[in-house]
Amino acid sequence: THTKERVVPTNNEPKIRDCFRFLFTNRPLLTLVFSDLIAVLEGIAGIFSVYYYTLCLGMNSLSIIAGLPGTLVGWGTYPIMQKLEKRFNSRQIVVGATLLHAAMTVVVFLIGMNFYTNPLVIVPLLMILNVSSAFKNSIKSVIPTKMYGETIDYMEWKTGERNEGMAFSALTLIGKLTSSLATAMGTFLIPLVGLVRDEKLDMMVISPDSPINTQFWLWALITVIPTLLGLLALIPYKFYDLEGEKLAMIQREVQARRETVSYKVNKTNEVKVKI
């Protein structure tokens, strides 16, 4: 009655080298990670959007109006995915959504390239673009996650061990890395497009000595440039083959292996009970 229960702490968190070792062992997962690393190029759009709304359209709050339709569409995208998955595999869905958004972005950029300081033209265009972006981002927030789970099935089939913890630790590490890379790229590009910090106003302004049309380049940097750079993230998908019959075969064999193990465990427990 006077015994104190103690829990012995364990420290089994994966180390960084273990995460990288796991990545290079799991080829399908490595393919998806490479795609995510390249897709960080799209992140520069978010970095420059504040500067665009402030320095080109004159009002940062217009971003709320431009983004509202996209927010509503994003919520309505999830039921559509179930229908898409009945007709296409995961890779086709991601690639198709990315290409459709890229085509829409090019159209919006070309229409707005002569009106990039006119809110009456640009805000409706950005509403359309944000709807397209929300559709693509909703798909890319769900389908690749499902694909990550399938790569864990692949590793269980390949090694006999299922290690979700290692997989998602590796993905968390990569996520932190991509976030840092996007910020670093934006910081590097800021002076190149003619932006300087005004110490009196305590904000970024367009340099009066800028040799380029900074407002036009800001328009390009929130539309066509990051989107076209983001298309490079589709290249690794060319080498992703965990689809169709191969995936079905792996999942069948993994399920059969689990059932065999479960049967043996149950038989062993029955013998122990009889004894």
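Just so it is clear, the structure is predicted and the values come from calculations on it, not from any experiment. (Residues numbered from 1 in each chain as written. Predicted model: local features only at pLDDT ≥ 70, side-chain atom pairs only at ≥ 80, totals over all residues. Heavy atoms only, no water.)

> Help me get a handle on the packing of aromatic side chains, residues and values and all.
The description of an aromatic ring pair rests on the distance of the ring centres and on the angle between the ring planes. Overall, the coordinates contain seven aromatic pairs when judged by the stated rule. A centroid spacing of 5.8 Å and a plane angle of 70° characterise the contact between Tyr-116 and Phe-216, whose relative ring orientation is edge-to-face. Here Tyr-116, found in the loop between α6 (90–112) and α7 (119–159), pairs with Phe-216, found in helix α9 (residues 214–221); they are 100 residues apart in sequence, far enough to count as distant. Per residue, the accessibility class of Tyr-116 equals that of Phe-216, and both read buried. An angle of 80° between the planes, with centres 6.2 Å apart, marks the rings of Phe-216 and Trp-217 as edge-to-face. (Phe/Tyr/Trp six-rings, centres within 6.5 Å; stacked < 30°, edge-to-face > 60°. Helix = DSSP H or I, 4+ residues; strand = E, 2+ residues; numbered from the N terminus. Buried < 20%, exposed > 50% of the residue type's maximum accessible area, 1.4 Å probe, protein only.)

> Residues and numbers for the environment of His-101, please.
Tracing the chain through its elements places His-101 in helix α6. C-alpha of His-101 to C-alpha of Leu-228: the two residues are 127 residues apart in sequence and 10.0 Å apart in space. Residues in contact with His-101, not counting those within four places in the same chain, are Leu-129, Ser-132, Ser-133, Lys-136 and Thr-227. (Contact = heavy atoms within 4.5 Å.)

> Account for the pairing of strand β2 (residues 203–206), with residues named and values stated.
With four bridges connecting them, strand β1 (residues 195–198) and β2 associate as antiparallel partners. Residue pairing in the sheet places Asp-198 in a bridge with Met-203 of β2. Joining the antiparallel neighbours β1 and β2 is a turn of four residues, in which Asp-202 adopts a positive phi near 55°. (Pairing = 2+ DSSP bridges.)

From the geometry alone we can't say anything about function, so treat these as descriptive.
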